[in-house]
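# Descriptive structure summary
Chain by chain, the residues run as shown.
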Amino acid sequence: MHKHRWVPSFLRFGLVLCLLAMSSCGFQLRGVNDIAFKSLYLQGQNVSIARDLKRSLLSNGVALVPTPEQADLMLEILSESAEKRILSLSGTGRVREFELNYQVNFRIKDPSNELWGMPQTISGRRDFTFDDSQLLAKQGEEARLNDDMRADAVRELMHVLSVQRPKPRTKPPVE
């Protein structure tokens, strides 16, 4: 019995070593950004990413305000587009591959500035093979790829917003 006593201590040492390695790898929860502003006015909310963008902003401590005057930063979604095009055909003229493209155009404005920033674009592209004998599965794959591109666009937009450093709002003088 005394001979196997080293096994539990070896396991404890291994467990401690694994915990130290995990804590030193820089693990950080995804989706939490260091955002320098606390309120945002969002224009152009009739886009497919609006709900996910709002959820991401709220989870990062940014309040969506109803008027530009209340905002630390303003974001306008100018346009959104999704397209599907044929990438390749078989020798018999049947579609074998499609290309999916997603694009969102936006601009940012610091309320202390009179002018909007230059329009910016976030785009995504995915290719997928197509087999009309597996139509239902391929439609599901296409929907997942489109959802992934939208999620990537929200993450990229959150990254763009996280580097914004708006000027602090000044309060009007009290008379």
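Described below are features of the structure shown in this document. (Residues numbered from 1 in each chain as written. Predicted model: local features only at pLDDT ≥ 70, side-chain atom pairs only at ≥ 80, totals over all residues. Heavy atoms only, no water.)

### With respect to the packing of aromatic side chains
Across all of its chains, the model carries two aromatic pairs by this definition. Measuring from ring centre to ring centre gives 5.4 Å for Phe-98 and Phe-130, while their planes differ by 80°; the resulting arrangement is edge-to-face. Taken together, the residues Phe-98 in strand β4 (residues 95–109) and Phe-130 in the loop between β5 (120–129) and α3 (135–162) connect sequence positions 32 residues apart. Residue classification places Phe-98 among the buried residues on the basis of a relative accessible area of 11%. (Phe/Tyr/Trp six-rings, centres within 6.5 Å; stacked < 30°, edge-to-face > 60°. Helix = DSSP H or I, 4+ residues; strand = E, 2+ residues; numbered from the N terminus. Buried < 20%, exposed > 50% of the residue type's maximum accessible area, 1.4 Å probe, protein only.)

### Side note on the pattern of salt bridges
For the coordinates displayed, the defined rule picks out ten salt bridges. A salt bridge links Arg-55 to Asp-52, with the nearest nitrogen and oxygen atoms 3.3 Å apart. Taken together, the residues span about one helical turn, with Arg-55 and Asp-52 both in helix α2 (residues 50–59) at a distance of three residues. Classification of Asp-52 by relative accessible area gives partly exposed; the value is 29%. The partner of Arg-85 in a salt bridge is Glu-99, and the shortest N-O contact between them spans 2.4 Å. A residue pair is termed long-range when its members are at least 10 positions apart, and Arg-85 in strand β3 (residues 73–89) and Glu-99 in strand β4 qualify at 14 residues. Through salt bridges that share partners, Arg-85, Glu-99, Arg-125 and Asp-127 make up one connected network. (Salt bridge = Lys/Arg side-chain N within 4 Å of Asp/Glu carboxyl O.)

### Comments concerning the sheet that holds β5
Through backbone hydrogen bonds, the strands of a sheet pair up, either in parallel or in antiparallel fashion. Sheet architecture is open: five strands sit in the order β2-β1-β3-β4-β5, paired in mixed fashion. Each edge of the open sheet carries a strand with a single partner, namely β2 (63–64) and β5. Against the sheet, α3 touches β3, β4 and β5, its axis set at about 155° to β5. (Pairing = 2+ DSSP bridges. Contact = heavy atoms within 4.5 Å. Axes fitted to C-alpha atoms, helices over the stretch in contact; angles between N-to-C directions.)

### Brief notes about the environment of Met-158
With respect to the helices and strands, the residue Met-158 is situated in helix α3. Separated by 101 residues in the primary sequence, Met-158 and Leu-57 place their C-alpha atoms 7.7 Å from one another.

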